[in-house]
Amino acid sequence: MHTQPTTDTAILLATCNGADHLADQLDSLHAQTYRAFHVFARDDGSKDNTVEHLQAYAARTDFFLSLLPSDSASIGPCRSFGALLDYALKSNIPFQYFAFCDQDDRWFPHKLSTAIALLREAEQTEPGQPILVRSDLEVVDSQLRPIADSFWQRSRMDPHETRLSRLVFRNTSLGCASVINRRLAELAAPLPPQAVMHDWWVNLVAAAIGRILTVPTPLLQYRQHDANTVGSGDGSIRRLLHLRHWRTRILGGGKRASLRPALQAQALYQRFGSSMRATDSARLRYFQNIEHDTPMLRRLRVIQSRTLPRDPVRFLDTLMRL
């Protein structure tokens with residue numbers, strides 16, 4: 001691995017059959033105004049020429065990319081990003097910042113510089129604090145044509161909502177728009193088996209025992225196409241009424257899919273229950289052993305936890321799926 005002496009940021013890039021758009025993303029990384037980074041990439045069993053793209057960039061002398069070894073078995077995006085985070089934390093380079101990177105987006109040149117400047121400012125006032133910086137995203141189609149100026153507005157998300165109780169059943173910090181400091185990375189890793197997605201887990205850890213800071217403007221183009229793992233819905237009531245679509249898009253299929261956020265909250269309590277605020281700890285205590293409860297008791301416990309979405313449609317949608 002060749003690195004520049006001042007490298008302090010690890011970009012974690014998970015790929016799988018991403019050859020169509022990967023070059024755009026890698027070029028946008030190369031165009032960053034903040035240059036003190038190293039890219040760690042892990043491919044999850046691509047059948048196209050994604051790996052060849054990565055190898056070509058790794059061979060360049062003006063770009064710093066290491067391709068992690070992986071077998072042909074697919075482990076999915078959550079575990080792939082978890083493996084990348086573990087690898088970067090154990091590297092002989094003491095990285096201070098970690099940025100999750102999707103294969104099909106395009107970063108604006110100032111993405112890293114903006115996020116890292118905000119992280120450094122916060123670290124100066126609160127040394128040792130686990131911190132996550134997240135931004136809005138510009139939603140575009142497969143050809144980078146505009147769909148929406150703001151992902152948050154399109155998805156009806158409140159960018160200033162950072163309370164843990166409001167994040168248990170809805171992730172508000174997309175990994176591709178998030179940069180975290182080392183303290184948060186060390187606490188979030190290793191990702192537990194119950195993590196629904198890497199970014200959701202890291203968001204919860206930051207809300208529980210650290211800080212979430214918001215950049216109100218987009219720092220990247222969020223590409224939407226048929227192969228997206230998680231997409232950008234318009235957040236409308238009509239769309240939310242399609243419960244089967246909502247379940248498949250956010251939680252995936254399967255009998256236990258509806259329990260995944262609850263089990264993730266359970267894992268958060270088990271790891272950090274004694275470290276988080278008393279109010280948050282008391283709320284997450286309701287999730288202990290929830291997988292063994294009857295559906296009615298499960299719903300009662302979640303209502304008592306006061307973590308359900310406040311929007312009536314989302315409230316009912318989440319409750320029905322438990």
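Residues numbered from 1 in each chain as written. Predicted model: local features only at pLDDT ≥ 70, side-chain atom pairs only at ≥ 80, totals over all residues. Heavy atoms only, no water.

Each helix and strand in the chain was counted, giving 13 helices and nine strands. Taken over 322 residues, the chain has a buried fraction of 58%. (Helix = DSSP H or I, 4+ residues; strand = E, 2+ residues; numbered from the N terminus. Buried < 20%, exposed > 50% of the residue type's maximum accessible area, 1.4 Å probe, protein only.)

To continue, consider the side chain of Asp199. Structurally, the position occupied by Asp199 is in helix α7 (residues 198-209). Although buried, Asp199 forms no salt bridge, and the nearest oppositely charged side chain, Arg260, lies 9.8 Å from it. Separated by 2.9 Å, the side chain of Asp199 and the backbone nitrogen of Gly175 make a polar contact. Excluding residues within four positions of it along the chain, Asp199 makes contact with Asn171, Ser173, Leu174 and Gly175. (Lys, Arg positive; Asp, Glu negative; His and termini not counted. Salt bridge = Lys/Arg side-chain N within 4 Å of Asp/Glu carboxyl O. Polar contact = N/O pair within 3.5 Å; in protein donor to acceptor, adjacent residues only side chain to side chain. Contact = heavy atoms within 4.5 Å.)

Looking now at the pattern of salt bridges. If you walk through the whole model with that rule in mind, you get 12 salt bridges. Ionic pairing is found between Arg223 and Asp24, a salt bridge with its closest N-O pair at 3.1 Å. Here Arg223, found in strand β9 (residues 211-223), pairs with Asp24, found in helix α1 (residues 19-30); they are 199 residues apart in sequence, far enough to count as distant. Exposure remark for Arg223: the relative accessible area of 2% places this residue in the buried category. Judged by relative accessible area, Asp24 falls into the partly exposed class, the value being 31%. A salt bridge links Arg321 to Asp317, with the shortest nitrogen-to-oxygen separation between them at 2.9 Å. Given a relative accessible area of 11%, Arg321 falls into the buried group. You can call Asp317 buried: its relative accessible area is 2%. A single salt-bridge network, built from bridges that share partners, covers Glu161, Arg163 and Arg310.

This next bit is on the pairing of strand β6 (residues 131-140). The element β6 is largely enclosed, with a buried count of 10 among its 10 residues. As defined by bridge partners, β6 adjoins strand β8 (residues 178-181) across three bridges and the pair is classed as antiparallel. What sits directly across from Leu132, in β8, is Ile180. Joining the antiparallel neighbours β6 and strand β7 (residues 146-148) is a turn of five residues, in which Leu144 adopts a positive phi near 65°. (Pairing = 2+ DSSP bridges.)

Further remarks concern the environment of Pro130. Tracing the backbone through its elements, the reader meets Pro130 in the loop between α4 (111-125) and β6. Separated by 81 residues in the primary sequence, Pro130 and Arg211 have C-alpha atoms spaced 6.4 Å apart.

Let's shift gears to the pairing of β8. Burial along β8 is two-sided: the residues Ser178 and Ile180 and Val179 and Asn181 are all buried. Both strand β4 (residues 97-102) and β8 contribute to a ladder of three bridges, which runs antiparallel. Across the sheet, Phe98 pairs through a bridge with Ile180, a residue of β8.

What follows is about the side chain of Ser135. Inspection of the secondary structure puts Ser135 in strand β6. A relative accessible area of 3% places Ser135 in the buried class. When neighbours within four sequence positions are excluded, Ser135 is seen to be in contact with Trp152, Ala177, Val215, Thr217, Leu219 and Leu220.

What follows is about α1. Taking 1.5 Å as the rise per residue, α1 with 12 residues should run 16 Å; its terminal C-alpha atoms sit 17 Å apart, in good agreement. Within α1, burial applies to Ala19, His21, Leu22, Gln25, Leu26, Ser28 and Leu29. What you see down the axis of α1 is that its buried residues fit within an arc of 160°, all on one side. (Expected span 1.5 Å × (residues − 1). Arc of directions from axis to C-beta.)

A few words now on the environment of Ser80. Along the chain, Ser80 falls in helix α3 (residues 76-89). For Ser80, a relative accessible area of 1% corresponds to the buried category. Spatially, the C-alpha atom of Ser80 lies 8.9 Å from that of His198, the residues being 118 residues apart in sequence. With near-sequence residues (within four places) excluded, Ser80 lies in contact with Ala14, Arg42 and Ile75.

So far we have only geometry, and geometry alone does not tell us how the molecule works.
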